[in-house]
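Below are the chains, spelled out letter by letter.
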Amino acid sequence: MSQDSNKKRTPLAAGNWKMNGLKESIAEIAALDGLIENNLPASCEILICPPFTLIMSFQHILRDTKITVGAQDCHWQEGGAHTGDISAIMLADAGCEYVIVGHSERRSDHHEDNGTVMKKAEAVINAGMKAIICVGESEKEREAGATLRIIENQLKNSTSKAMSSENTVIAYEPVWAIGTGKTASVKDVEEVHNFIRMLLNERFGEDGEGFRILYGGSVKPANAESLMSASNVDGALVGGASLKADDFNGIIDAYRK
Ligand code: PEP
């Protein structure tokens, strides 16, 4: 496996709970905290992005722990007449440190284009948090050999010069691997992550090396170690397996040695 100098970047293990979780899930997050405290220290940051309804209670439980809380989306404006929406400053006020933007489910279910994703990411940064910008190709696009072209287009048009490695994380999530149990091979992951690194270097100069690039798509305890040690993979964005404390902790094990 080819290696890069990525181990200077602090990896991020991020859980995306999507539209899952009720008050009773507070027990699961307390269990995760127990596992993190009682195991060897992990050399990664740990983040959970619950639905909006659980942010404040998770933040309360996780204050002074090694787990930070984030959100899954936001509006790009600070406030106003946007029924049902939540702004970045509201999320910062609730204690979030990260916000995921441009997840493929937002891009498809809510028709979010790259320009919208960029505005949301800028709102997150302006509110003092970090944006996790998702990119990824569909199965059809991969089969047509268009993967790198799609990634380049999404990355160029969802990021702006205002972004830096301090305030922005990129997540590569092949759409066909999300929630399907299909995982991209380490070789395919490395090809895309190395390509994203090159694009970041082109766009952000020296700072391009500092951006973390997460892999997401059916990451599980069984495949985490091989995926996380791949070139230019600086952590994981985890959906289903982040809902269970044991499974998410098993993924974090990739950073315990
Ligand atoms: C995700 O929601 O970003 C994701 C990668 O989901 P899963 O891990 O379930 O494939």
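Our subject is the structure that appears above.
Because the structure is a prediction, the values reported are computed rather than measured. (Residues numbered from 1 in each chain as written. Predicted model: local features only at pLDDT ≥ 70, side-chain atom pairs only at ≥ 80, totals over all residues. Heavy atoms only, no water.)

A.B. asks: Explain the overall build of the protein chain here, please?
C.D. replies: The helix and strand tally for the protein chain stands at 10 helices and 8 strands. A compact globule built from 257 residues would reach a C-alpha radius of gyration of about 18 Å, and the protein chain, at 17 Å, matches this within 12%. Expressed along its principal axes, the backbone C-alpha trace of the protein chain runs to roughly 45 × 45 × 35 Å. The burial tally for the protein chain puts 53% of its 257 residues in the buried class. Sequence separation of at least 24 residues holds for 73% of the intrachain contacts in the protein chain that already meet a minimum separation of 6. Only carbon and sulfur atoms are counted for the fraction: they give 52% of the accessible area of the protein chain, which is about 11,500 Å². (Helix = DSSP H or I, 4+ residues; strand = E, 2+ residues; numbered from the N terminus. Rg over C-alpha atoms; globule rule 2.2 N^0.38 Å. Buried < 20%, exposed > 50% of the residue type's maximum accessible area, 1.4 Å probe, protein only. Contact = heavy atoms within 4.5 Å. Areas by Shrake-Rupley, 256 points an atom, 1.4 Å probe, with all protein chains shown as cover.)

A.B. asks: Please explain the sheet that holds strand 2 (residues 45-49) as it appears in this structure.
C.D. replies: Think of a sheet as strands paired side by side through backbone hydrogen bonds, with each pair either parallel or antiparallel. If you trace the 8 strands once around the closed barrel, you get 1-2-3-4-5-6-7-8, paired in parallel fashion. Adjacent strand axes in the sheet meet at a mean angle of 25 degrees, parallel and antiparallel pairs treated alike. Bridge count for strand 1 (residues 12-16) against strand 8 (residues 235-238) is 4 bridges, and the pairing is parallel. Across the sheet, glycine 15 pairs through a bridge with valine 238, a residue of strand 8. (Pairing = 2+ DSSP bridges. Axes fitted to C-alpha atoms, helices over the stretch in contact; angles between N-to-C directions.)

A.B. asks: Please clarify how helix 10 (residues 245-252) should be interpreted in this entry.
C.D. replies: In an α-helix, one turn spans 3.6 residues; hence positions three or four apart end up facing the same way. Judged by how many residues are buried, helix 10 sits mostly within the fold: 6 of 8 residues are covered. Looking at helix 10, one finds that the buried residues are Ala245, Phe248, Asn249, Gly250, Ile251 and Ile252. Check the buried side of helix 10 and you find it contacts strand 1, helix 1 (26-38), strand 2, helix 9 (221-228) and strand 8.

A.B. asks: Honestly, unusual backbone geometry in this entry has me stumped. Any pointers?
C.D. replies: Phi angles above zero are rare outside glycine, and aspartate 64 is one such case at about 65 degrees. When you line up the elements, aspartate 64 lands in the loop between helix 2 (52-62) and strand 3 (67-71). We note that histidine 111 has phi near 55 degrees; this positive angle belongs to a residue other than glycine. Relative to the helices and strands, histidine 111 resides in the loop between helix 4 (104-109) and helix 5 (114-126).

A.B. asks: I'm lost on the site of the ligand in this one. Help?
C.D. replies: The full set close to the ligand counts 14 residues, and Lys18, Glu173, Gly179, Ser218 and Gly239 are the nearest of them. A distance of 2.8 Å is found between an oxygen atom of the ligand and a side-chain nitrogen or oxygen belonging to lysine 18. Computed on the free molecule, the ligand has an accessible area of 300 Å², of which 97% lies beneath the protein chains in the complex. Broken down by class, the residue content of the shell around the ligand amounts to 4 nonpolar, 8 polar and 2 charged. (Near = heavy atom within 4 Å. Polar contact = N/O pair within 3.5 Å; in protein donor to acceptor, adjacent residues only side chain to side chain. Nonpolar A, V, L, I, M, F, W, Y, C, P; charged D, E, K, R; others polar.)

A.B. asks: What is the right way to look at the environment of glycine 216 in this model?
C.D. replies: Relative to the assigned elements, glycine 216 resides in strand 7 (residues 212-216). The residues touching glycine 216, leaving out its near neighbours within four places in the chain, are Tyr172, Glu173, Pro174 and Leu237.

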